[in-house]
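Listed here are the chains, written in short residue letters.
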Amino acid sequence: MDRECVLLLPSVCEVLADSGRSVPDDTSLEKLLDWFTGLTEAGGSLLEACPCLLKFISTVVHNTASDPGVLSFTLRLTGLMAATEDGFKMLQEQSVLNQVFDLQHWQEAGLWDDPCLRIGWIQGLRSMLQHPKALSFFVQSDFIASLLQLQTDTSLFVASAANHMLAHILLFFQKVSSAGSNGINNKEEDERRIHHSVTDLESPAVTMETSEEYSAVVKGISEYLKESLIPKENTKLHQSLQILKLLALLLAQAGPPLRDKLLQTVTDSLEELVTAGCSQLTLPLMDVVLAANSSCGPDGRVPDQRVTRLLSSMLTISRPADLIHAAAALLSRGHHDTVHTARAVRILLLPLDIITGLTLLGTNTAADEHQVSVVEQLKSKTSCISMTCVCLTNTPQITLTPSGVLPCPPVLIVTAVVSLLRISSGISSSSFAGCSEVCRNVIGSGKVQKCALDALTALNSSPGAKEKISEVFTILIQYLNNPDSDPTVLHKSYQAFIKWIGVCTDLSLITDQLRQDLVEVVKKRACDMRWEVRDSTVEFLGHLAGVHVSVTSGEDLCDASEALLGGCCATPLLKEALQDTESYVRASAISALAKTLTHSWQQGAALTQDQTEIVSRLLEILSQDTEGFPRRAVVQYFISWFLSHSSLSPPSSSTPSTSFLMQCVRTVLSQGSADLDWEVKVHTLELAELLLDQAFSAHRGYRKGSDAHRALQHPYGVVSDQAYTLHTHPGTHTEGVQSELAHVVELGVFSALLSGLVDCDRPVGLKACRLLIILRETICPLSLGALDVTAAMATVSCELLGRGWGKEITKILGMESDRASEVDISAQRSFSGADGRGDSVTVSVCEVLRSLDLDERLDVLTQSSDHIHNSPLSLLQDILTASAAHTHPDTKPGHEVIVDCY
Amino acid sequence: MKLYCLSGHPTLPCNVLKFKSTTIMLDCGLDTTSVLNFLPLPLVHSPRLSKLPSWVSKDGTINLEKELKECAGRVFVDSQPEFCLPERELLDLSTIDVILISNYHCMMALPYITEHTGFTGTVYATEPTLQIGRLLMEELVNFMERVPKAQSATCWKNKEIQRMLPGPLKDAVDVWTWKRSYSMQEVNSALSKVQLVGYSQKVELFGAVQVSPLSSGYSLGSSNWIIQSHHEKVAYVSGSSLLTTHPQPMDQSSLKNSDVLILTGLTQMPTANPDGMLGEFCSNLAMTIRAGGNVLVPCYSSGVIYDLLECLYQFIESANLGTTPFYFISPVANSSLEFSQIFAEWLCHNKQSKVYLPEPPFPHAELIQTNKLKHYPSIHGDFSSEFRQPCVVFTGHPSLRFGDVVHFMELWGKSSLNTIIFTEPDFSYLDALAPYQPLAMKCVYCPIDTRLNFHQVSKLLKEVQPLHVVCPEQYTQPPLTQSHRSDLMLELQPPPMPYRRCSVLNLPFRRRYERVYILPELANSLVPSEIKPGVSMATVSAVLHSKDNKHTLQSVPKPPPAPPSKKRKRVMEEPPVVLAPKPLLSGAVPLEAFLVTLQKAEDTLIQLEEDGTHIVCDNNEPLRTTLRDLVLRFLQKL
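Residues numbered from 1 in each chain as written. Chains lettered and ligands numbered in written order. Predicted model: local features only at pLDDT ≥ 70, side-chain atom pairs only at ≥ 80, totals over all residues. Heavy atoms only, no water.

**As for the domain arrangement of chain B**
Residue and element names in this part refer to chain B.
Next up, step 1: What the domain assignment reports for chain B is domain 1 (2-41 + 80-148 + 159-267 + 451-506), domain 2 (274-445) and domain 3 (585-637).
Next up, step 2: Taken over C-alpha atoms, the centre of domain 1 sits 27 Å from the centre of domain 2.
Next up, step 3: On the domain 2 side, the residues contacting the 37 residues of domain 1 number 40 residues.
Next up, step 4: Around 3100 Å² of area is buried between domain 1 and domain 2 when both sides are counted, 70% of it from carbon and sulfur atoms.
Next up, step 5: Where domain 1 meets domain 2, there are two salt bridges.
Next up, step 6: Between Arg451 and Asp426 there is a salt bridge, with the nearest N and O atoms lying 4.0 Å from each other.
Next up, step 7: At the boundary of domain 1 and domain 2, one finds twelve residue pairs in polar contact (both at pLDDT 80 or more). (Domains from an automatic or database assignment. Contact = heavy atoms within 4.5 Å. Buried area = accessible area lost by both parts, 1.4 Å probe. Salt bridge = Lys/Arg side-chain N within 4 Å of Asp/Glu carboxyl O. Polar contact = N/O pair within 3.5 Å; in protein donor to acceptor, adjacent residues only side chain to side chain.)

**Topic: the pairing of strand E14 (residues 233-237) of chain B**
All names here are of chain B.
Next up, step 1: By the criterion of burial, E14 is predominantly enclosed, with five of the five residues buried.
Next up, step 2: Of the two faces of E14, the one holding Lys233, Ala235 and Val237 and the one holding Val234 and Tyr236 are both buried throughout.
Next up, step 3: Two elements, strand E13 (residues 223-228) and E14, share four bridges in a ladder whose sense is antiparallel. For Ile227, the partnering residue across the bridge sits in E14 and is Val234.
Next up, step 4: Adjacent in sequence and paired antiparallel, E13 and E14 are bridged by four residues.
Next up, step 5: Sheet topology note: the E14/strand E15 (residues 260-263) ladder contains four bridges and is parallel. By the bridge assignment for E15, Val234 is matched with Val260. (Buried < 20%, exposed > 50% of the residue type's maximum accessible area, 1.4 Å probe, protein only. Helix = DSSP H or I, 4+ residues; strand = E, 2+ residues; numbered from the N terminus. Pairing = 2+ DSSP bridges.)

**Some thoughts on the packing of aromatic side chains**
The relation between two aromatic rings is expressed through the spacing of the ring centres and the mutual angle of the planes.
Next up, step 1: Per the stated rule, a full pass over the model turns up 38 aromatic pairs over all chains.
Next up, step 2: Residues Phe638 of chain A and Trp641 of chain A carry aromatic rings whose centres are separated by 6.0 Å and whose planes lie at 35° to one another, so their mutual orientation is tilted. In this pair, Phe638 of chain A and Trp641 of chain A both sit in helix H35 (residues 628-646), three residues apart, roughly one turn of the helix. Judged on exposure class, the residue Phe638 of chain A and its partner Trp641 of chain A are both buried.
Next up, step 3: Here the aromatic rings of Tyr327 of chain B and Phe383 of chain B are separated by 5.2 Å at their centres, their planes lie at 85°, and the arrangement is edge-to-face. Note that Tyr327 of chain B is positioned in strand E17 (residues 326-329) and Phe383 of chain B in helix H12 (residues 382-386), a separation of 56 residues in sequence.
Next up, step 4: Judged by its relative accessible area of 0%, Tyr327 of chain B falls in the buried class.
Next up, step 5: Exposure remark for Phe383 of chain B: the relative accessible area of 4% places this residue in the buried category.
Next up, step 6: Here the aromatic cluster, defined as three or more aromatic residues joined through ring pairs, consists of Phe88, Trp112, Trp121, Phe137, Phe138 and Phe143 of chain A.
Next up, step 7: The ring of Phe629 of chain A has Arg632 of chain A sitting right over it, with the charged end atom 5.0 Å from the ring centre.
Next up, step 8: Between the NZ or CZ atom of Lys550 of chain B and the centre of the ring of Tyr517 of chain B, over which it lies, the distance is 5.6 Å. (Phe/Tyr/Trp six-rings, centres within 6.5 Å; stacked < 30°, edge-to-face > 60°. Lys NZ or Arg CZ within 6 Å of the ring centre and 35° of its normal.)

**What about the sheet that holds strand E25 (residues 516-518) of chain B?**
Residues and elements named next belong to chain B.
Next up, step 1: Pairing is mixed across the open sheet formed by three strands, whose spatial order is E25-E29-E28. The open sheet has two edge strands with one neighbour each: E25 and strand E28 (542-547). The mean angle between the axes of side-by-side strands here comes to 30°, regardless of whether they run parallel or antiparallel.
Next up, step 2: Pairing of E25 with strand E29 (residues 550-555) involves three bridges; the strand directions are parallel. Along E29, the bridge assignment pairs Val516 with His551. (Axes fitted to C-alpha atoms, helices over the stretch in contact; angles between N-to-C directions.)

**Focus on the state of the cysteines**
Next up, step 1: Scanning all chains against the criterion turns up zero disulfides over all chains.
Next up, step 2: Cys389 of chain A carries a free sulfur, and the closest cysteine sulfur to it, the one in Cys451 of chain A, is 3.4 Å from it.
Next up, step 3: Cys389 of chain A gets classed as buried once you look at its relative accessible area, which sits at 6%.
Next up, step 4: Among the cysteines around Cys446 of chain B, which has no disulfide bond, Cys282 of chain B carries the closest sulfur, lying 8.9 Å off.
Next up, step 5: Its relative accessible area of 0% is what places Cys446 of chain B among the buried residues. (Disulfide = S-S within 2.5 Å.)

**Section: the nonpolar core**
Next up, step 1: Core analysis: the biggest nonpolar cluster contains 286 residues, and Phe36, Trp121, Ile501 and Tyr637 of chain A have the highest contact counts within it.
Next up, step 2: Of all hydrophobic cores here, the second largest spans 108 residues; its members include Ile305, Phe326, Ile329 and Met441 of chain B. (Core = buried A, V, L, I, M, F, W, Y, C linked by side-chain atoms within 4.5 Å.)

**A few points about the pattern of salt bridges**
Next up, step 1: In the structure shown here, the tally under the stated rule is 50 salt bridges over all chains.
Next up, step 2: Linking Asp487 of chain B and Arg485 of chain B is a salt bridge whose minimum nitrogen-to-oxygen distance equals 3.0 Å.
Next up, step 3: Asp487 of chain B sits in the partly exposed class, given a relative accessible area of 23%.
Next up, step 4: Owing to a relative accessible area of 6%, Arg485 of chain B belongs among the buried residues under this scheme.
Next up, step 5: Within this structure, Asp268, Glu271 and Arg306 of chain A form a network of salt bridges that share partners.

Okay, structure coming up:
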């Protein structure tokens, strides 16, 4: 522990113990506790390190006027300190434990009503219960009854904490009881030992003594479970709910002896509960039943017949809405048992069967005696929509079940979803067989449409889906064309389209009519009134360009946009979208254009007139757009152009398109690094990084920026995770490197890096700093062998302007004093609006790199900006300062608030 | 109470309500779909139309060379277009006391009724309804009179011949009653009979009933009507809307507790949501303009066009259409745009408040100021010199049979770059386009009908709780083309009473009361005695005076003082033979039991005649015998 902290701690304890003084805010206690927990986990003993804590605890406990927050903190702190056996022993010797956890004491003091204290009590005990001694203490103090009572506490947090505490006791000490139990063969015991050694690393040493205590606890809890599981009256539902949650928690993790014991106790009650059919309890009950079933699985043991029967009866409860939720729960929890899965699948498919009139369940529906009640339920609009949505959400899962389980071929489910989409959009069909009274509930329902589209999207990979491609595209185009589709529905339709195009190996499946319809609808949606729709449309065009398909089977791949839209549709629409009034649409259009053009860039095709126009429009956006998103997208556009281009041709080759690209890159670097948006600047630095990679990747000692700092990524930093594949070229002559450096400097890479370095946004500074370090290590390493290189490099220089970042850099380089007078003049000049170019300084690149003290700067930048304010020391100081401020006689009330609201 | 249904068109209704002693016509809509059977009237000579072949029946026996022309496989009447009028044979229209108009679309048959049937009553309408209705009639007359056609085809109407005709002509009904357009003089005369009313203003009709218009939210000045006597209430719901477009919002609460609700004017496009259609309209418009084409919007000169212009006002900036000219061509374009700005009190709150800023309530004023929207009375004159393409043209008539739109159809129909966007729901776009086939122009159908849809109307009815609902039969079953859409019909309990053209419905009323006034002096003379807390009774002898459907109880006039008798003394000598007036009833009425029977209010009839007495008492034999015994006892006493 920090020495300074140790010195401060006693006075902090004093502040906390003094009920007259207050702490800065309630999070500071939590932070303090976090710090102590960290110390304990690191293996230190709190009592040894800070003996003052003991005094603190006994003072606080005896002062009933203490703030409940501080009391709660004290309880938890005590638990933390008693978590080790030594700590426990010491605390008990001082008879602190009995006082701290003495329920009666708190109740008499009237403090028990505060939920804050109750939760502190539970959490304190929970931290303490890490060893058998603690368990003995727990049992002897007879806390179990109180804890069970807290399980139904009025405060949800307390109730949940109590639940977790109960589970913790039973699960943590369960090895104790297994040691005492007999009649298990060796093999199983071995397995269990392995199992336990994995899960319960910190399991305490077992003694027979604790085993008895543990049995007492188990007995107490299971008695309680058995008695209270069935709600006596409707108001007691809460208790049953809590118990079911606890049971699910226990059964999922308990080892066989405990699990068997629990099941033996509660199965009767569970059976009764299932029969009672209380719909609020259906889902938690299902969780318990599934946990009971699956926990039997891994041992290779057949689950108890009664447990299996429970599951069967869960799947025959009478209320259709509950039943469908139970079935969905079974499917989503990944239960693998053919009989029940098949049953669940039938339950889930029934509403779809009824609405669409498709015989998904085969003709033998007599088995589904609840069909009538389901139809009744579906006639009410709200329950119809919710049940249909549950079905739809589960359809992808259903198609994944083994074919023996499925009552129909998976492709029929795709048909059903398509048909539901058709019904829901109100498209009439004469050969319609579904129940019309039910159907009208789903007509026009946006919720059903969204769920069905999601389901359809996920169904693209189901077996036999290919047969349905044409049908799917027809309905999707109808949805895209429907004037009443809301923006989300349209967006989902586009997504589904992209997914399904992905499985379509052969575009000849899509008729010319469909293609024509698609072109028309995309053109129309690109002019939609709602910007969300225009945005989705533009995005769709981009995604479509990214999908590769073959026009007819066996032919070469081409991008889907060209194949479907005929090539002449996408680019003009996207060009138009660059003028959109909504910045998101402009940004999406730029990225979509990049995706659309990638193919032609990769082929090295010469730039068309159209593309040149686009580029000049993009540069215009970069310099003039008032919103950040389009400007970010522009930089990304040039990044992907540069990437596609450099993967193709060596950088030195000077085709017209290369020189045009480089000319643009220069503009992007200078404008992007001067942007107001930090993300634009970071993207610009990424472009700079690519240029560095290209220039020096062949040079020995060059680490690619992307390799060097991937591990160090800061959460706020935006670094794309694309893997760059750059063209490398052989030969590492000094002159080569020198000319490369000169080239890079001339392009403005170095200026961009330097301006990034002094940027006020940390991610920008960090990125620039890292790149500069890499550059320094490449061109002027501090090793002797590289001296010749360095000497040669010294000749490469760059210009620092006498204003803005240039001035900052000059200041850092310490050239300020020499040129103070000149800088003053330049400042005056720039003030008067004159061009500051005349005051620029020319410096050697190497010299700059060496003198900037980049490593120290990197250290500063790497630390997160609040590191100073987050240390334990500052926390302790804060507490002291706040209390001082409060006790200061001059302090006016409300001062604290002013301090808080900077 | 009876309802005579003179029109079968659900959105262009014409019904007559006989209520108490009044005869009230509810709306007089003109079914203009009949004009679709006629050839368009071109503004300038059209070689294409004039060269159309005459229709000859297959066997060659019928040859109406001058009357019927064939175009793209369909037969059209080559004559001045004619309209299908409301039924005039069902009842004597001269007996109509008043006509209530709900909105300007539902008054287009007014001149036919007021000028040619001997009508002598009054027409009630709101001011915007009258003014915009006048504009629409003026426009119609103008469209017709601008291109006079000498001939009037009548031969094809011969029943024998009509039966032989193909297609829709054969099935056209009542063709003999179809009439040509009225003249401006008739319009003026008809409109002179209109008396203006304001929302919620109560108008007494002969003291028998009171009528009052309520805002219906559909168009400027559009109204629903409440027709009520003291004890009965009939609500007439015509074109209404819950959308927050320009008009004042619909007044729903006043419709509550009506005995009968006559429901007409629901949306003609139940599957087309107006918002979606508006979006469709804008995107198709933008798409066409971007591709360098022109957009033609056939529309009425008032109504949805205000909303379209407002929507475009916001849209043109975002779609970069700022430089595209918008033209509005109609003989009444100027008045329509200006009228809309001055009816502030009839607008929705949002627009009303703009007037106080002061700002024009509709943004089309700004479009005109900035020269983005230009309006012309016709394609002749200034328009031709300023016409610039690509552009957007709003013009009538939506049937494409007359008006300036005919010219643009001929002009732009051949290019696939151009688009025609239908926004009015009154005409089937395929029928409207039939005489222009083959057509290269793109067609987009986005009918914008803001009237109530079935979902909204069922919600409304649930709230206002009428005892009975009367509606056109079309509303009681799903649309023919979408028979599975059971959500597109009215489902009510009790089921609505359907009507069709020429139906006469007896409207059910369970009970009739009448209000009678007691003159103050008579009331003063009454001596009520409280027979139960809150219930007092008094016997009244009075004279019932009825005039103008108003009933008043007056004191019995004192008998004129007896003429002075000449006999003096003798009188005293002979005591009068006249017995002291005998009370008719004596004894006490058992109060509680009596009140119970009063409240039970069973219909019992005691008929006293010279030679017999009948006691009629439905299904209550004990009561009947008791009454009989009582009556017998009294009779014996007398």
